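# Close look at the chain arrangement
Listed below, chain by chain, are the residues.
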Protein chains: 2
Amino acid sequence: MAFNSRIKIKSLLESDETGHDVTIMGWVRTKRSNKNVSFIALNDGSTIKNYQAVADPNLIPEDILKKITTGACIKVTGEIVQSQGAGQQTEIISKSIEILGEADPEKFPLQPKKHSLEFLREIAHLRMRTNTFGAIFRVRHALAFAVHKYFNDKGFFYIHTPIITASDAEGAGETFRVTTLDLKNPPKTDKGEIDYKEDFFERETNLTVSGQLEGELAAMALSEIYTFGPTFRAENSNTARHLAEFWMIEPEMAFFDAEDNQNLAEDFLKYVISYALENCQDDLVFLDQRASEEDQAKKVELRSEMGLLERLNFVVNNEFERITYTEAIHILKNSTPNKKKKFQFLIEDWGVDLQSEHERFLVEKHFKKPVILTDYPKEIKSFYMRQNDDGKTVAAMDILFPGIGEIVGGSQREERLELLTKRMEEMDIPQEEMWWYLDTRRFGAAPHAGFGLGFERMVLFVTGMSNIRDVIAFPRTPGNAEF
Amino acid sequence: MAFNSRIKIKSLLESDETGHDVTIMGWVRTKRSNKNVSFIALNDGSTIKNYQAVADPNLIPEDILKKITTGACIKVTGEIVQSQGAGQQTEIISKSIEILGEADPEKFPLQPKKHSLEFLREIAHLRMRTNTFGAIFRVRHALAFAVHKYFNDKGFFYIHTPIITASDAEGAGETFRVTTLDLKNPPKTDKGEIDYKEDFFERETNLTVSGQLEGELAAMALSEIYTFGPTFRAENSNTARHLAEFWMIEPEMAFFDAEDNQNLAEDFLKYVISYALENCQDDLVFLDQRASEEDQAKKVELRSEMGLLERLNFVVNNEFERITYTEAIHILKNSTPNKKKKFQFLIEDWGVDLQSEHERFLVEKHFKKPVILTDYPKEIKSFYMRQNDDGKTVAAMDILFPGIGEIVGGSQREERLELLTKRMEEMDIPQEEMWWYLDTRRFGAAPHAGFGLGFERMVLFVTGMSNIRDVIAFPRTPGNAEF
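Residues numbered from 1 in each chain as written. Chains lettered and ligands numbered in written order. Predicted model: local features only at pLDDT ≥ 70, side-chain atom pairs only at ≥ 80, totals over all residues. Heavy atoms only, no water.

### Section: the interface of chain B and chain A
Counting residues at the interface gives 120 residues for chain B and 120 residues for chain A. Here chain B meets chain A over a buried area of about 9,800 Å², counting both sides, of which 65% is carbon and sulfur. Taken together, the connections running from chain B to chain A amount to eight salt bridges. Where Glu482(A) meets Arg203(B), a salt bridge forms, and the shortest distance between an N and an O atom there is 3.8 Å. At the surface where chain B touches chain A, the tally comes to 52 residue pairs in polar contact (both at pLDDT 80 or more). It is helix H4 (residues 131–153) of chain B that contributes the most residues to the side of chain B that touches chain A, ten residues altogether. Grouping the amino acids of the side of chain B that touches chain A by side-chain chemistry returns 63 nonpolar, 28 polar and 29 charged. The sheet contact formed by strand E8 (residues 177–179) of chain A and strand E8 (residues 177–179) of chain B spans three bridges and is antiparallel. Bridge assignment links Val178(A) to a residue of E8(B), and that residue is Val178(B). (Contact = heavy atoms within 4.5 Å. Buried area = accessible area lost by both parts, 1.4 Å probe. Salt bridge = Lys/Arg side-chain N within 4 Å of Asp/Glu carboxyl O. Polar contact = N/O pair within 3.5 Å; in protein donor to acceptor, adjacent residues only side chain to side chain. Helix = DSSP H or I, 4+ residues; strand = E, 2+ residues; numbered from the N terminus. Nonpolar A, V, L, I, M, F, W, Y, C, P; charged D, E, K, R; others polar. Pairing = 2+ DSSP bridges.)

Structure below.
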């Protein structure tokens, strides 16, 4: 007979029916006992809420009761009754309890007390059993599902672009080499160079930094596509914002110009956040509370103006501000922190790249809402962005969020072969290797656009966490590939 | 003003309304002209069906009409009217046509004739503009969405397990090394070994071969999870069944035993195939026709007994056969091909691994339906599979599909610490590196199970294609990392 006869705690909590017998299974969060009764708080991960099991020592053997300690896994069969205590509508009166797995209180690291996030990162294999990380990973799931649902409902097609790639066209930073060569004794050419013809793919290969270029190929056939896959940066940045391995969502749309792109991105972000608000209420209420407690520990001037839920609702219910880079420079140049030399990087001339402090000023102080910044100088943007008629700017957009900074980067793509190849020449991008990319401009080109969303930044925003290592199950950072 | 004013051809075909003006955009498949009129078949990738645009040479300038060649991208604005011709209900009478991108007929490789799959693989950046590959990638999308929908509806959580990993616990074949070391001049230790302390992660790292072990960690907190991500094998196999980079779906469930696992896998496979049958009718009808034409070209004895749609419906509507390995050996030993020595590998003794010819015999000749093979000898399976009471077998399952062979492999996992570590010792699996895996058996262990589905094998089965390189956008195989 199959083992899985349980009802999930989430389903149990959705009904106020009583009088029937059920089986639940899960991990013990706490046990309170007196000589007449034990109350066990059980969690099975389906919801942040525990379910209370009541155990009568006359019915449940003492050697079983003794093993019911924090972290143990148990199976409880009994009757659902109205709860006498506060905090729950119903509870289960245990008729039998089976210990599925013990958790020695001397050794189990997750005792019911507050653990630091740093400590929990070291036991990432267990941290999902805490309220905070259970909530984060349920919210992460909901956000991922919302991404797929949004695009599917709109008729976009999900494309798996390659992870291992020979193209580093973006030049978007350092990449990880992928190889099967013997590092101790690699084959060499006559000239003493590494002989990549002997490598698995018979050429140099890296981990992808973006699926965009391949995504464009698919969009020029299926018209609206998106990717959702891992991307990699071998940057030696040990910050709360950087991962060496992270997940990106990259929609690409034929027949979209820069404005269509902005409209889609704003609608998409609002949809995904709304989806979490509707489907993760319990988890978000908990995370809201958690964020507010964290905030109280900060100096007054560093505290957030809005709570987590308030911030999420604000983003969903307000139009994003859309301004050009040129307008932004004007605002920043005349801003108080610029005039009082409070910015680390003072804004003097048009053409400079914006730093995080500038983006935060625009979003958090000046507009107090998400900002879509458009039409950046071509010198500070990628070769594939569509050149505007002014000869100076490109049809780029960055979307800036409070607390997060850039959450989306995108552009209309340059579909005009001559302008594209001229720009590639200027920027030293090798054209022969990218014959396939250029082919989409040779044969049946069309205006098209797309953007990239760093998925972990989205999870960070929605959960109100502050370190990106806390929103991915097993983070990869310099010096860290544990688990 | 935003550019994207078009209606998708799929939406246009869903209505029989006439008399209104619309704009459509897409790629020209064919143009037939006489001196009074041109008929243009336009495809925008939203559906396999083309839409007919009618162009009157008195209205559309000659220099525009001339550029409307196969592969060109155009924008047509006009009135929807009832079609006079056969093959379509409505058509568009063009009031204006704009050329978005030309396609020089002398150079565009996709002329309207039959191209070989081998040739199309070389132009994978353009092949999605053909009927066959458009259909394949729309079906692939639908299958991926069905996977997410199935698990989301059941309350599973999607977990992103790491791609870069230091564990090669499965020993599941050769892996790709991931490194930032300078291959020409790598740092070495005093003993002359490569000094991986200098590498990005300060240790040896590879591309993952499976997310299962990390998936188990998450299941022991959230109870039901699944992964859907890329996995890698550096095997030098140039076959129609192997990719170096492919996508896997790996659900892991706490509180599931072997039978629960089988029930879930069967239900899941049927759901996903049903979803495609319901949502990809036009594409599957086309692929069914295509497969049947391919079949006609084969020798009679090699032809399929069922057409594609028939086969998909058969799988959805019939119970899978469930037999043990021991029963399978009995059947195979007494089978005609074994007795007549037609098998390349003759079945003599219990304990041998089954070859593809044996699996196909069971599925295609003996049972004529999908087979769930269970309880394999422990010697031919992985260390983490739960040991049965007979001391000889483990609670493994493989699901075998007609034409595909193994599509799912899974097992109940060994949750008993002592038995697990004993097996690891016997199989030389290092325990220190896997402290985190063992911890889930130390603290709050529970019966649990899971399985892995090779996504491309599923796409292969549902599309009726025969080479796995044709069901992933940009295949990675030995010597091939183009695009």
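Still more to cover.
### Observations regarding unusual backbone geometry
Residues and elements named next belong to chain A. For Lys341, which is not glycine, the phi torsion reads 55° and is therefore positive. Mapped onto the elements, Lys341 comes out in the loop between helix H10 (336–339) and helix H11 (356–366). On the basis of relative accessibility, which here comes to 63%, the residue Lys341 falls in the exposed class. (Buried < 20%, exposed > 50% of the residue type's maximum accessible area, 1.4 Å probe, protein only.)

### Re the environment of Thr189(A)
All names here are of chain A. For Thr189, the location among the structural elements is in the loop between E8 and strand E9 (205–207). Relative accessible area serves as the criterion here: at 31%, Thr189 is assigned to the partly exposed category. Each residue touching Thr189, except ones within four places of it in the same chain, is listed here: Ile194 and Asp195.

### Here we look at the packing of helix H4 (residues 131–153) of chain A against helix H14 (residues 455–463) of chain A
Residue and element names in this part refer to chain A. Interhelical geometry of H4 versus H14 gives an angle of 125° and a closest axis separation of 10 Å. Looking at the two axes, H4 sits oblique to H14. Here H4 and H14 pass one another in a crossing that is right-handed. Side by side, H4 and H14 meet where Ile136, Val139, Arg140, Leu143 and Ala144 of the first sit next to Phe455, Glu456, Met458, Val459, Val462 and Thr463 of the second. In terms of residue class, the contact of H4 with H14 is built from eight nonpolar, one polar and two charged. (Axes fitted to C-alpha atoms, helices over the stretch in contact; angles between N-to-C directions. Parallel < 35°, antiparallel > 145°, perpendicular 65-115°, else oblique. Left-handed = near helix turned anticlockwise from the far one by under 90°.)

### A short note on the pairing of strand E5 (residues 90–101) of chain B
All names here are of chain B. By the bridge criterion, two bridges tie strand E3 (residues 51–55) to E5 in an arrangement that is parallel. Bridging from a neighbouring strand, Ala53 pairs with Ile92 of E5. Across ten bridges, strand E4 (residues 73–82) lies against E5 in antiparallel orientation. Residue pairing for E5: Glu79 is matched across the bridge by Ile93.

### Side note on the relation of the copies chain B and chain A
Rotating chain B by 180° and moving it 0.0 Å along the rotation axis overlays it on chain A with an RMSD of 0.0 Å. What the rotation and shift describe, once combined, is the action of a two-fold rotation axis. Minimal C-alpha distance to the rotation axis in chain B is attained by Val178(B), lying at 2.5 Å. (Least-squares fit on C-alpha atoms with pLDDT ≥ 70 in both.)

### A word on the domain arrangement of chain A
Residues and elements named next belong to chain A. Along its sequence, chain A is carved into domain 1 (6–101) and domain 2 (131–173 + 209–470). Centre-to-centre separation of domain 1 and domain 2, based on C-alpha positions: 45 Å. Residue-level contacts link six residues of domain 1 with six residues of domain 2. Summed over both sides, the interface of domain 1 with domain 2 buries roughly 480 Å², with 45% coming from carbon and sulfur. Looking at the side of domain 1 facing domain 2, the largest losses of area belong to Arg29, Ile48 and Lys49, adding up to 76% of the total buried there. A salt bridge links Asp282 to Lys49; the shortest N-O distance between them is 3.6 Å. (Domains from an automatic or database assignment.)

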